[in-house]
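Okay, here's what each chain looks like letter by letter:
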Amino acid sequence: MEAATLAAPALEAQASAFARKRRNELLTLLVVAAAVACLPLFMTDVYFQNMLVLTLMYAALAQAWNILGGYCGQISLGHALYFGVGAYTSTILLTKYGVIPWIGMVLGGILAAAIALILGYPCFRLRGHYFTIATIVIAEAAFLLVLNWDWAGAALGIQMPMGPDSWLMFQFARDKLPFIYFALGLACVTWLVTWKIEDSRWGYWWRAVKDNAEAAESLGVVVFHSKMAAAAVSAFFTAVGGSFYAQFVSYIDPESVMSFQFSLLMSLPAVLGGIGTLWGPALGAAILIPLTELTRSYIGGSGKGVDLIVYGTLVMVIALARPQGLVSLFGWAPRRAPRG
């Protein structure tokens, strides 16, 4: 009894510190979002505005990937499938049936989540590198299917009809500010969803599955359902990002929205910044995406091979020097809740 009485104040202080840290994380998000929202006021060059849009978009996509790969430990290299599903769903609905992009964006996310659940049924019975290989194979098979699907534009792709600038149709020919602020909003929403889930029952289950699936199952964690839930949430936000990208570029084809490179660009920011952390994906995207775009611009041609070498080398250096990612430089290690 005496030991329990002495331990109570310590547990209460720990819980209070934990709650304070949660509030500070939200405050940090508000400060960072406000700072990014002010950047376009001083950034008038269209090239750098485009770079900012892509950086924010990949911050959101990397956070979506982080839900499945970082917290649940299921390393997927086939997220380009969900990105393409979102892009093609909203684009086809717009061009063939006149459905506004906002509805197409939501429907694309729901369809991607449903596909993730269908594919998860067989794939989540695989472990480790077998699961990763399966995701690559499925995504590549989907890429080839769309590449030869005439109704979906096949290799020629789909060009969106351009009208006057409109929020309803989410089309802006010259003004990049709407795209910047939407991408910022998407990045903030994915961060907030991750923040909310992180300390929920699902968040604890996902981390338990990542650490040791057998041990988690022996303690009552429904491992299969945990993986399926993580896959559905991750696929939904990835597809929303794909729908946004389609509106941003106004043209899609299989190579531009479903190639393997997209799967890499969703996972590498999280790996560089720190998987299983709140700020790792955003930090990684803030470094990798500008580096990629600048390398392409200033090293002749498309620069595709060079930029992959540059940030591939960067990821390897960080993996050797800081296995927990760049967030470890700031002391942002994966959080553990206080135990009562």
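The present account deals with the structure reproduced in this document. (Residues numbered from 1 in each chain as written. Predicted model: local features only at pLDDT ≥ 70, side-chain atom pairs only at ≥ 80, totals over all residues. Heavy atoms only, no water.)

## Concerning the overall build of the chain
Inference 1: Looking only at helices and strands, the chain features 13 helices and two strands.
Inference 2: For 340 residues, the compact-globule formula gives about 20 Å, and the C-alpha radius of gyration of the chain, at 21 Å, lands near that figure.
Inference 3: Expressed along its principal axes, the backbone C-alpha trace of the chain runs to roughly 75 × 50 × 40 Å.
Inference 4: Contacts in the chain between residues at least 24 apart in sequence constitute 77% of all its contacts with a sequence separation of at least 6.
Inference 5: Summed over all atoms, the accessible surface of the chain reaches about 16000 Å², with 70% contributed by carbon and sulfur.
Inference 6: Side chains of the chain give 20 positive and 17 negative charges; the mean places of these two sets differ by 6 Å. (Helix = DSSP H or I, 4+ residues; strand = E, 2+ residues; numbered from the N terminus. Rg over C-alpha atoms; globule rule 2.2 N^0.38 Å. Contact = heavy atoms within 4.5 Å. Areas by Shrake-Rupley, 256 points an atom, 1.4 Å probe, with all protein chains shown as cover. Lys, Arg positive; Asp, Glu negative; His and termini not counted. Charge placed at Lys NZ, Arg CZ, Asp CG, Glu CD.)

## A short note on the layout of surface pockets
Vacant regions in the atomic arrangement are exposed by a probe of water-molecule size rolled over the atoms.
Inference 1: Put simply, the largest pocket is a space of about 440 Å³.
Inference 2: Lining the largest pocket are 22 residues, and of these Val-32, Val-36, Leu-56, Trp-279 and Ala-282 sit closest to its centre.
Inference 3: Residue assignment for the lining of the largest pocket shows that the elements contributing at least two residues are α1 (2–42), α2 (46–71), α6 (177–198) and α12 (280–298).
Inference 4: Considering every element that reaches the lining of the largest pocket, the biggest residue donor is α1, with six residues. (1 Å grid on protein atoms, 1.4 Å probe; cavity = no way out; pocket = protein on both sides within 12 Å on 5 of 7 lines; lining within 4 Å. Points joined across faces, edges and corners; volume = space filled by probe spheres on them.)

## Let's talk about a nonpolar patch on the surface
Inference 1: On the surface, Leu-41, Phe-42, Leu-177 and Tyr-181 cluster together into a nonpolar patch covering about 450 Å² of accessible area.
Inference 2: Those elements giving two or more residues to the nonpolar patch turn out to be α1 and α6. (Patch = residues over 30% accessible without salt bridge, like charges linked within 9 Å, V, L, I, M, F, W, Y side chains within 5 Å. Salt bridge = Lys/Arg side-chain N within 4 Å of Asp/Glu carboxyl O.)

## Notes on the side chain of Thr-135
Inference 1: You can see Thr-135 is positioned in helix α5 (residues 129–147).
Inference 2: Classification of Thr-135 by relative accessible area gives buried; the value is 11%.
Inference 3: A distance of 3.1 Å separates a polar atom in the side chain of Thr-135 from the backbone nitrogen of Leu-77.
Inference 4: Once you skip the residues sitting within four places of it in the chain, Thr-135 turns out to touch Ile-75, Ser-76, Leu-77 and Gly-78. (Buried < 20%, exposed > 50% of the residue type's maximum accessible area, 1.4 Å probe, protein only. Polar contact = N/O pair within 3.5 Å; in protein donor to acceptor, adjacent residues only side chain to side chain.)

## A word on the environment of Gly-157
Inference 1: With respect to the element layout, Gly-157 can be found in the loop between α5 and β1 (158–159).
Inference 2: Sequence spacing of Gly-157 and Glu-255 is 98 residues, and the spatial spacing of their C-alpha atoms is 9.0 Å.
Inference 3: Setting aside residues no more than four positions away along its own chain, Gly-157 makes contact with Tyr-251, Ile-252 and Asp-253.

## Remarks on empty space enclosed by the protein
Inference 1: In total, this model carries two cavities of 30 Å³ or more according to the counting rule given.
Inference 2: In this structure, the largest cavity is lined by 16 residues; those nearest its centre are Ser-76, Tyr-82, Leu-119, Phe-131 and Thr-135.
Inference 3: When contributions to the lining of the largest cavity are tallied by element, the ones reaching two or more residues are α3 (80–97), α4 (101–123) and α5.
Inference 4: Here the lining of the largest cavity is built from residues that sort into 11 nonpolar, five polar and no charged.
Inference 5: Taken together, Ile-67, Tyr-71, Val-193, Thr-194, Ile-197, Glu-198, Gly-203 and Trp-206 make up the lining of the second largest cavity.
Inference 6: If you list the elements that add at least two residues to the lining of the second largest cavity, you get α2, α6 and α7 (201–211).
Inference 7: By residue number, the principal contributor to the lining of the second largest cavity is α6, which donates four residues.
Inference 8: Looking at the lining of the second largest cavity residue by residue, the classes come out as five nonpolar, two polar and one charged. (Nonpolar A, V, L, I, M, F, W, Y, C, P; charged D, E, K, R; others polar.)

## Quick look at α7
Inference 1: For α7, the full list of buried residues reads Gly-203, Trp-205, Trp-206, Arg-207 and Val-209.
Inference 2: In the core, the buried residues of α7 are packed alongside α2, α6, α8 (213–218) and α9 (223–249).

## So, the side chain of Thr-55
Inference 1: Looking at where Thr-55 falls in the secondary structure, it is placed in helix α2.
Inference 2: If we ignore the near neighbours within four places in the chain, the residues touching Thr-55 are Ala-285, Ala-286, Ile-289 and Pro-290.

## Looking at unusual backbone geometry
A negative phi angle characterises most non-glycine residues, just as the trans form characterises most peptide bonds.
Inference 1: Phi is positive for Ala-154, close to 50°, though the residue is something other than glycine.
Inference 2: If you trace the backbone, Ala-154 turns up in the loop between α5 and β1.
Inference 3: Overall, Ala-154 belongs to the buried group, its relative accessible area being 12%.
Inference 4: Positive phi, normally seen in glycine, also occurs at Ser-250, with a value near 65°.
Inference 5: Looking at the secondary structure, you find Ser-250 in the loop between α9 and β2 (251–252).
Inference 6: We classify Ser-250 as buried; its relative accessible area is 13%.

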